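A closer look at the structure
Residues per chain, in single letters:
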Amino acid sequence: MQRPDWAPDDIDIERPSVARMYDYYLGGSHNFAADRAAARAMMEAVPEAPLMAQANRAFMRRAVQYLVDSGVRQFLDIGSGIPTVGNVHEIAQRAAPDSRVVYVDVDPVAVAHSREILQGNPGATVVQEDLRRPAAILSHPEVTKLLDLSQPVAVLIVAVLHFVPDADRPDEILRALRETLAPGSYLVMSQATDEDRGHTGERAEAERVYRRTDSPLSIRSRAELTALFDGFTLLEPGVVWVPQWRPESPESAEDAAQAVFMGGVGRLGG
């Protein structure tokens, strides 16, 4: 397989990446043949896969707009993936030009492309780190340079947690983040679930596809995702299918379970 000019030399382009598969679902071009093959296999198993990605991205946009309207001006997007149109900095800075955004991703392609897009934007940056290393993220020089952690920050962990197995203790990861955040901070989370769908065959096939990638799936229920908001007060309507979280119209929330992702937004008291 020929390596594109924009691909870092130290990445394995023969192994699918969840960030690049997500980019493919959203219609992006920063993916390789291995990513496209895995994404198409996922779409055969779960035909709604592109809809899932689009619904999840729309949830993120609505959440960011809500947070900006609520006065938030600092955003830490962990597991941000490859930037596409309508990403966090575009939404936040359009509504409030003084908004500051730090993207974090472990995928070097996502980081390299983010750096290219963010050139000349002093209010946004990207760092290469892993969600499973919260202390390293929060102490990273680029994070502490752009964000004032003594003031409220919105942390986004969107479409990422299903790649963090229970063995990696997501509850402890989130606790470490929460204990560093100032009162008035927010947590935006979503993840894939098969609750109320009853499609056990789809789940098994999806898990098989993602075992080929750098991040196997860990599906969780609504109750399990809700528990991970421990310490935060969930905003209405709580943890729901992502199209149901403050939809722009009643019609946009129809057939919400087809989106497969559940999500919510929590506020740290004070």
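From a predicted model like this one, the values you see are computed outputs, not experimental measurements.

1. Digging into the packing of helix α3 (residues 49-69) against helix α4 (residues 88-95)
In contact at an axis separation of 9 Å, α3 and α4 are set at 30° when each is read in the N-to-C sense. Judged on the interaxial angle alone, α4 and α3 are roughly parallel. Remark: the crossing between α3 and α4 carries right-handed chirality. Listed contacts from α4 to Met60, Arg61, Val64, Gln65 and Val68 of α3 are Val88, Ile91, Ala92 and Ala95. Here the contact of α3 with α4 is composed, by residue class, of seven nonpolar, one polar and one charged.

2. With respect to the side chain of arginine 220
Examined against the element boundaries, arginine 220 turns out to sit in the loop between α9 (200-210) and α10 (222-227). Overall, the relative accessible area of 5% leaves arginine 220 in the buried class. Within the local environment of arginine 220, its side chain forms a polar contact with the backbone oxygen of valine 164, the two atoms lying 2.4 Å apart. There is a polar contact of 2.9 Å between the side chain of arginine 220 and the side chain of glutamine 191. Discounting chain neighbours no more than four positions away, the residues touching arginine 220 are Leu161, His162, Val164, Pro165, Asp166, Pro170, Gln191, Ala192, Thr193 and Leu228.

3. A look at the packing of aromatic side chains
In the structure shown here, the tally under the stated rule is two aromatic pairs. Plain terms: the ring middles of phenylalanine 59 and tryptophan 245 are 5.8 Å apart, the flat faces sit at 85° to each other, and that makes the pair edge-to-face. In this pair, phenylalanine 59 is assigned in helix α3 and tryptophan 245 in the loop between β7 (240-241) and β8 (261-268), connecting sequence segments 186 residues apart. As far as burial versus exposure is concerned, phenylalanine 59 and tryptophan 245 are alike and both buried. Aromatic pair tyrosine 66 and tryptophan 245: ring centres 6.0 Å apart, planes at 85°, arrangement edge-to-face. With tyrosine 66 in helix α3 and tryptophan 245 in the loop between β7 and β8, this pair connects stretches of sequence that are 179 residues apart. Taken together, the ring pairs connect Phe59, Tyr66 and Trp245 into an aromatic cluster. Positioned over the ring face of tyrosine 66 is arginine 246, at 4.6 Å from the centre of the ring.

4. Quick word on the nonpolar core
With 46 residues, the main nonpolar core has Val64 and Phe75 as its most contacted residues. In terms of residues, this core owes the most to one element, α3, which gives 10 residues. Membership of the second largest hydrophobic core comes to 33 residues, among which are Val155, Leu174, Val239 and Trp241.

Rules and cut-offs
All residue numbers refer to position in the chain's written sequence, counted from 1. Given that the model is predicted, a residue must reach a pLDDT of at least 70 before its local features are reported, and side-chain atom pairs must reach 80 or more before they are shown or counted; all residues, however, enter totals for whole chains, interfaces and linings. Excluding hydrogens and water, the side-chain values take into account all heavy atoms of the structure. Where helices are involved, their axes are fitted lines through C-alpha atoms of the stretch in contact, as for all axes, and angles between N-to-C directions lie from 0 to 180°. Numbering of helices and strands starts at the N terminus; helices are DSSP runs of H or I of at least 4 residues and strands are runs of E of at least 2. An angle counts as roughly parallel when it lies under 35 degrees, as roughly antiparallel when it exceeds 145, as roughly perpendicular when it falls between 65 and 115, and as oblique in every other case. The handedness criterion is simple: a crossing whose near helix is rotated anticlockwise from the far helix by less than a right angle is left-handed, and one whose near helix is rotated clockwise is right-handed. We call two residues contacting when some pair of their heavy atoms lies within 4.5 Å. Residue classes follow a fixed rule: Ala, Val, Leu, Ile, Met, Phe, Trp, Tyr, Cys and Pro count as nonpolar, while Asp, Glu, Lys and Arg count as charged, and any other residue, Gly among them, counts as polar. Only protein chains enter the accessibility calculation, which uses a 1.4 Å probe; a residue whose area is less than 20% of its type maximum is buried, one above 50% is exposed, and one in between is partly exposed. As used in this structure description, the phrase polar contact means that two N or O atoms lie within 3.5 Å; if the pair is within protein, one of them must be able to donate a hydrogen and the other to accept it, and residues adjacent in sequence are counted only when both atoms belong to side chains. Any two of the Phe, Tyr and Trp rings considered here, Trp counted by its six-membered ring, make a pair once their centres fall within 6.5 Å; the pair's planes then place it as stacked at under 30 degrees, edge-to-face at over 60, or tilted in between. Should the NZ of a Lys or the CZ of an Arg lie within 6 Å of a ring centre and within 35 degrees of the ring normal, that charge is described as sitting over the ring. For this analysis, a nonpolar core means a set of buried residues of the types Ala, Val, Leu, Ile, Met, Phe, Trp, Tyr and Cys, connected via side-chain atoms within 4.5 Å.

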